[in-house]
Every structure is written in structure tokens, then in C-alpha cells.
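# Tertiary structure, described
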Amino acid sequence: MCGIVGYIGQLDAKEVLLKGLEKLEYRGYDSAGIAVRNADGIHVFKEKGRIADLRQVVDSSVVASTGIGHTRWATHGVPNYVNAHPHQSTSARFTIVHNGVIENYHLLQEEYLPHVEMQSDTDTEVIVQLVEHFSNEGMATEEAFRHTLSLLEGSYAIGLLDTQTDDTIFVAKKNSPLLVGVGAEFNVIASDAMAMLSVTDQFIELHDKEIVIAKADSIQIKKLDGTKVERAPYTAELDLSDIEKGTYPHYMLKEMDEQPAVVRRITQQYEDAAGNVTISEDIATAIKEADRLYIIAAGTSYHAGLIGKQYFEKIAKIPVEVHISSEFGYNMPLLSKNPLFVFISQSGETADSRQVLVKIKEMGYKALTITNVPGSTLSREANYTLPLYAGPEIAVASTKAYVAQITVLAITAYAVAEATDFDLKKELSIAANAIQTVIDHKEEFQALTEQFLATTRNAFFIGRGMDYFVSMEGALKLKEISYIQAEGFAGGELKHGTIALIEDGTPVIALATQKDVALNIRGNVKEVVARGANPCIISMEGMEEAGDAFTIPHVYPLLAPLASVVTVQLISYYAALYRGCDVDKPRNLAKSVTVE
Ligand code: AGP
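Residues numbered from 1 in each chain as written. Predicted model: local features only at pLDDT ≥ 70, side-chain atom pairs only at ≥ 80, totals over all residues. Heavy atoms only, no water.

### Things to note about the sheet that holds strand β16 (residues 292–297)
On the basis of which strands lie adjacent, the open sheet formed by 5 strands has the order β17-β16-β18-β19-β20 and parallel pairing. Taken across any chain shown, the strands that pair with only one partner, and hence form the sheet edges, are β17 (320–324) and β20 (384–387). Adjacent strand axes in the sheet meet at a mean angle of 20° when their direction is disregarded. Set on the sheet, helix α8 (residues 281–289) makes contact with β16, β18 (339–345), β19 (366–371) and β20; between it and β20 the angle comes to about 115°. (Pairing = 2+ DSSP bridges. Helix = DSSP H or I, 4+ residues; strand = E, 2+ residues; numbered from the N terminus. Axes fitted to C-alpha atoms, helices over the stretch in contact; angles between N-to-C directions. Contact = heavy atoms within 4.5 Å.)

So, in C-alpha cells, the structure goes:
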């Protein structure tokens, strides 16, 4: 979703900002812009489309060492030049970049700005016009900024320039991620440490409703009431090579390839001194004390949660409910007496999940966040965090994070189980090898995809039990990157309506990795084949049959999703390639969905 960068120092700000924005491209955006400030004033460059398009319109003769930049994922107003950030106040004294959504912007506009002619359709413009309005009424810039912020309802991460305040970036944050990066004679701001890792690895977290007065040689953090806040920087433990594509054509392919290593790394990270997989005592106690776990997540993380429920119920005998975060907060079910909430989120920034976290905390309940980004909002605000150790995931389509989520969920359930009848560490090692086998056969999936999906307009994924949940993930993966309409179904449910959609040649990808239902799913395949479907059966060793498209090596049945999901990831990847889609940056999507 939208990304912010800012730089104040000695270097050419334009280049630092553009490079920073390029590092935020993975978040998803449809327009971009920068504003730089020098003795002549503030120069704004913006463009619909990619950073490469923005580079074309930036005037290289402008020299400036202070600036702010933005990638916009449209919420209020279509993606076009006018709605792209930065936005300026009427007199062009103030220039702003903003992430988030201002819920009361219409009311504020009516109350304070009835005579101001708005240039854009955005909620953001109201913020910058309000700062100008209050400064015209006699407030100093910092006061006008703080007063404006106190009126805003919703979420914001903001960088603001003022032509009349030398070499300063005014910064603020509420419910939207923003960090301040600290350097020698320069400082930066960024939605994500990755954006500025090439200039510093020292970052300061900002809390909600804090502002920052950033200059080249100083950082002042204050609360909205003006009280000063002291906070030391931390070192971002990110390796720049982790966020480079290297020789891979796409991040998604690189990240799929990393999956066996991710499973092995997680197993090592969660090993105790005796070599057993485990989790920290306080988290284990919190889980054991709960009478029910409520898993809250969105998208792929929700699909991982569905698998997690099976682990907690089958391995640890703890009852679990899994909920879509955007629904849960507004339609809360009757809760058990002593629940523990488990938030699963790759980014740790998903606004839909965060609104639930805020609500359940107000209700006095405890939360555990399972995330790839310790230090993210969901991690900071929960009582406990279990990291995924997957390394940065850049492709919008989540692959290695899903595999990491399932692995951590399995370890967690195993760690709190009173008794277990299998060796999880050994089985995870076998699963990692099985994932590698699938990856080593990627050309077969390329050929399969050409045969099944190159020209189709829709596709179905079916499975039963664990395979059903992976089918849902397969369908999400395929539709988000190839734009083929796809659905994941419980095999037995098709005949209750959906089978009406099966026509000659409709691709049906069936997963058959669960012995107890393997024959049933094959029966469901026969039903769709009888109506013209083009079947593609992915089976597991020990239950394969002639004609299956691919057979994954045998893994412990509960861990089958770790390997079977890689088959549907590869199918989706090649389908997107055949269709000429932008694999890593699919249309309309954002990596980190920071608005509700
Ligand atoms: C995954 O491929 C999707 N891009 C999306 O569904 C994602 O999983 C969802 O937005 C949740 O994100 P989170 O894990 O960062 O909370």
C-alpha cells in the first residue's frame, strides 16, 4: 500500500528519494511523486504509473538536499496525476505526503475550509489545507501541524515541508507505519526500513500520535500535546541482499525457491538446548491457560490460520476458531470465557487485523502475533510475538510467509501438546526435502500450466480436509497474479451448486494428499470429468494413480500443505507468466494493506 520516504541531509535528495521509493514498489502503488526543497522553494514532481515514469519527469537540474516522496495506492480518488502525492496548500507554502485514511475529511473541509478550492479528490489535501488555514490564523507551523493532527479521525503517516521553515521535515504517525532513520549529518523517514537501508540501519520507532521535527542534525520527538519523548534507535536486522532479486526474474520465484531453507531455518530458530522444537514458556503458558484460541487474519494468512486450527485441535487438543479480520471486529461471535487471540500477519501491519487487536485489548483480552516483522504494529501491540524468520517477502503474492506461518503454527501446537505421537522436527525436515523436490520439478509445472491454464477464463481447485484449505490458497494465488477467476472448494460441496459451472475444458486442480479422503476426492474428480472438466490431480506418494499430473514425496499428513501449496504456487506463477502479467506487482493489490 502507500509508501513514504523523506530525506534531509547533504546528498542529492531526489536520488535518495527515488531509490527509496523503488524499494517500496513491492508494497503496491499506482502513482508516485517527490517534493524537494531548496532556496528557490519547493519543487514537486509526480506521475501516474511506475517510479520509472516518475524518473522521466524529475528535473535533474534542481539541486536540493531536503525532500519527501510517496507511492500512492488509490483510496480516495482515481489514480491520476492530480490525486498523486505530494499535495500542496493553496499558496504552495506547505507540501505533504500522507498514508492512511482520514475518515472525517469531509466534515473538516465543511467546517474549516468552505472557501478553499480543492485541487484533488483526496482526503490528504484537506490535511495540508488545514495546516495552511491554521498558520494563516497566526499559529506557528509546528502548532498548526499539531492542531490539525488533533482534529483528524482515522489513520495517518505524514511528511510535511514548509517553505518558511528551513531544512525541516515535520513528521507524524497514527495507525500507519512510519520510521525515522538516523544517520551522520542526515536523517530519513520511511514506511519501511528497507527503503532507507542503503543509507542507514539505525531506526527509531514512532508511536501513534507522535510528531517528529526532523532536521539534518537532530530529531525531536513530541507527543501531540508538545511533551518531548526520548527514544533510542535500534539496528534494523535486515540484509540488503535479502531484498535484492539477484539473478531471479521475479521475487516470487526467488521466494518460492527459498521455502525449504525457510522451514529449516524456523526449525533451528525454535530449537531448545536439547535440540527439541519449542516456544518460550510465557507464550506456551498463555496458550495452555486459554479455553479457546481465536485466530484472526486476512487473505493468505487466514488460509494459514485454517491449517493452524487443525494443528491446535489435532495435536494439542485446544479448540480454535478462525476468523477473517475484516469481519470479526464488526460481527464478533459469542466469545469463550478465557480466550487468547492469535493474529497471523506476514507484514504485521494489516489494518483489518489491527482494528480487531485494538478492540480485544479494550475488552481486556491477551493477544499473540505471529509475524514476519517483529517490531511491526501488530507485534508491538500484542502481548506476545512469534517471529516467522522467513526473511523479507517482497512479491505481493505471499508464498514463503504462508509456509513459514504453517511451520510456526505446527511448532506452537506441538510445543503446547501434553503428549505427541510423532517427531515434529524430523517430519519438518522431511517436509523441507519434499518442498525441494517440488521446486526441482518446476519445469513440469510450467508445462502443466501451459496445458491447463494458458487460455482458460476460470479454474477450480478442490480438496478435502487439509487439501481443501490449500485449495483455497491455490485459488487466491492464481487469481491475484494471473487474473484467472478461480475458486477453492471442498470436493464434496461442488455438486451442491458449483458443478453447474463446469463446462468442456474447465480446469479442475484436485489435491489428493490425505489418505482418509483420497478416494472421495478422486470420486469428485470423476464427477467433474463426466461434465467435461480438464482435471489436474496432485497426489502424494502412497496414494498416487496413473494419470496424476504430479506426485509429491510422502510427508506427515498434517504437514502435507507445506509441500502441496508449492505446487499451486508454481502453477499460479507460470499461469501469470503465460498471460504476461506483472507477477510481483499485480494490478490493484498492495503488499501491506494498511487501510481498512
Ligand atoms: C497474499 O498473497 C495476499 N497478497 C494477501 O492475501 C495477504 O496475505 C493479506 O493481505 C494479509 O496480509 P498480512 O499477512 O500481511 O496480514
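Once you've had a look at it, read on.
### Brief notes about the domain arrangement of the chain
Domains assigned within the chain are domain 1 (3–241), domain 2 (248–421) and domain 3 (437–596). Centre-to-centre, using C-alpha coordinates, domain 1 lies 43 Å away from domain 3. Listed by partner, the interface residues are 11 residues for domain 1 and 9 residues for domain 3. The largest share of the area that domain 1 buries against domain 3 comes from Arg27, Arg50 and Trp73, three residues that together contribute 51% of it. Of the residues that constitute the side of domain 1 that touches domain 3, the class distribution is 4 nonpolar, 4 polar and 3 charged. (Domains from an automatic or database assignment. Buried area = accessible area lost by both parts, 1.4 Å probe. Nonpolar A, V, L, I, M, F, W, Y, C, P; charged D, E, K, R; others polar.)

### Details of the packing of aromatic side chains
Applying the stated criterion across every chain, the model contains 14 aromatic pairs. Taken together, a centroid distance of 4.8 Å and an interplanar angle of 50° make the contact between Phe445 and Phe550 tilted. Highlighted residues: Phe445 in helix α15 (residues 442–453) and Phe550 in strand β25 (residues 550–552), separated in sequence by 105 residues. Note on accessibility: Phe445 and Phe550 belong to one class, buried. Within the aromatic cluster, the residues linked to one another by ring pairs are Tyr294, Phe328, Phe341 and Tyr365. In this structure, Lys359 packs its charged tip against the face of Tyr330, placed 3.8 Å from the ring centre. It is Arg587 that lies over the ring of Tyr483; its NZ or CZ is 3.7 Å from the centre. (Phe/Tyr/Trp six-rings, centres within 6.5 Å; stacked < 30°, edge-to-face > 60°. Buried < 20%, exposed > 50% of the residue type's maximum accessible area, 1.4 Å probe, protein only. Lys NZ or Arg CZ within 6 Å of the ring centre and 35° of its normal.)

### Here's the deal with unusual backbone geometry
Looking along the chain, the bond that leaves His85 and enters Pro86 is cis, with omega of 0°. Along the polypeptide, Pro86 turns up in the loop between β4 (66–72) and β5 (87–88). Here the phi dihedral of Lys209 falls at roughly 60°; this positive angle occurs in a residue that is not glycine. By the secondary structure assignment, Lys209 is in the loop between β11 (202–205) and β12 (210–215). For Lys209, a relative accessible area of 46% gives the class partly exposed. Even without being glycine, Asn588 reaches a positive phi, approximately 65°.

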